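The lines below spell out each chain.
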Amino acid sequence: ISNNYISGTLPALPVSMEMFDCSNNAMTGTNVWSWQLSEGVQGLKHLDISHNFIVSNTSFSMMIGRGLTYLSVAGNRFASSSMDHGGSSFPSLTLIDLSSTLTTGQFPAHRFPNLASLNIANNGYSGELDLTLMQSLTQLDISNNSFSFEVSRFNDLPLLNRLIARNNQLYGLLSLFDMPRLQ
């Protein structure tokens, strides 16, 4: 039901639903995650609610079901100070798009060991990003944040083929010869 003019709050999802994409609509709501956390939605694998008018101050880690592999909430207003609440890891997640969600703090890379694609652009993330914990990354967009670390750390990502890191506080020397997969 993406790319329509659907409005209102997010609906309850059927028990058997594996994919829910209501991106690019006019959905609204605050602290909307109770519906996703209910016992009946634990089979959800793909969740895209990007580019709606959803507002939340709930930690992202509160909304991630154990089997979720794809999560996009880009363009909503979450204003969470960090994703690092609680100690669980989410090994099934392979794609996260949290771009333009007003999130701040440090990104907890240790909680997402199997990510292939991470987009956290246009937020307020700062400090270092522990790339050694995300060996599966092929695509990374950290642009327009306040990350501060040596660019040679990108060499720790052997599968990386797409990197966007503009407008941060990165420093040092980058050898593209050490990153042959970059396009």
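What counts, and where the lines are drawn
- Residues numbered from 1 in each chain as written.
- Predicted model: local features only at pLDDT ≥ 70, side-chain atom pairs only at ≥ 80, totals over all residues.
- Heavy atoms only, no water.
- Core = buried A, V, L, I, M, F, W, Y, C linked by side-chain atoms within 4.5 Å.
- Buried < 20%, exposed > 50% of the residue type's maximum accessible area, 1.4 Å probe, protein only.
- Contact = heavy atoms within 4.5 Å.
- Phe/Tyr/Trp six-rings, centres within 6.5 Å; stacked < 30°, edge-to-face > 60°.
- Helix = DSSP H or I, 4+ residues; strand = E, 2+ residues; numbered from the N terminus.

Counting 38 residues, the largest nonpolar core has Phe107, Leu115, Leu118, Met134, Leu140, Ile142 and Phe154 as its most contacted members. When neighbours within four sequence positions are excluded, Leu140 is seen to be in contact with Leu118, Leu131, Phe154, Leu157, Leu160, Arg162, Leu163 and Ile164.

Using the criterion set out here, one finds six aromatic pairs in the structure. Relative to Phe147, the ring of Tyr125 lies with its centre 6.2 Å away and its plane at 10 degrees, an arrangement referred to as stacked. Placement of Tyr125 in strand 10 (residues 124-127) and of Phe147 in strand 12 (residues 146-147) is noted, with a sequence separation of 22 residues between them. Aromatic ring contacts, followed pair by pair, group Phe90, Phe107, Phe112, Tyr125, Phe147, Phe149 and Phe154 into a single cluster.

All right, on to the side chain of Ser117 then. Relative to the assigned elements, Ser117 resides in strand 9 (residues 117-119). By relative accessible area, Ser117 is classed as buried at 16%.

Further remarks concern the environment of Gly75. Within the fold, Gly75 resides in the loop between strand 6 (70-72) and strand 7 (95-97). For Gly75, a relative accessible area of 21% puts it in the partly exposed group. Along the chain, Gly75 and His51 lie 24 residues apart, while their C-alpha atoms are 4.6 Å from each other.

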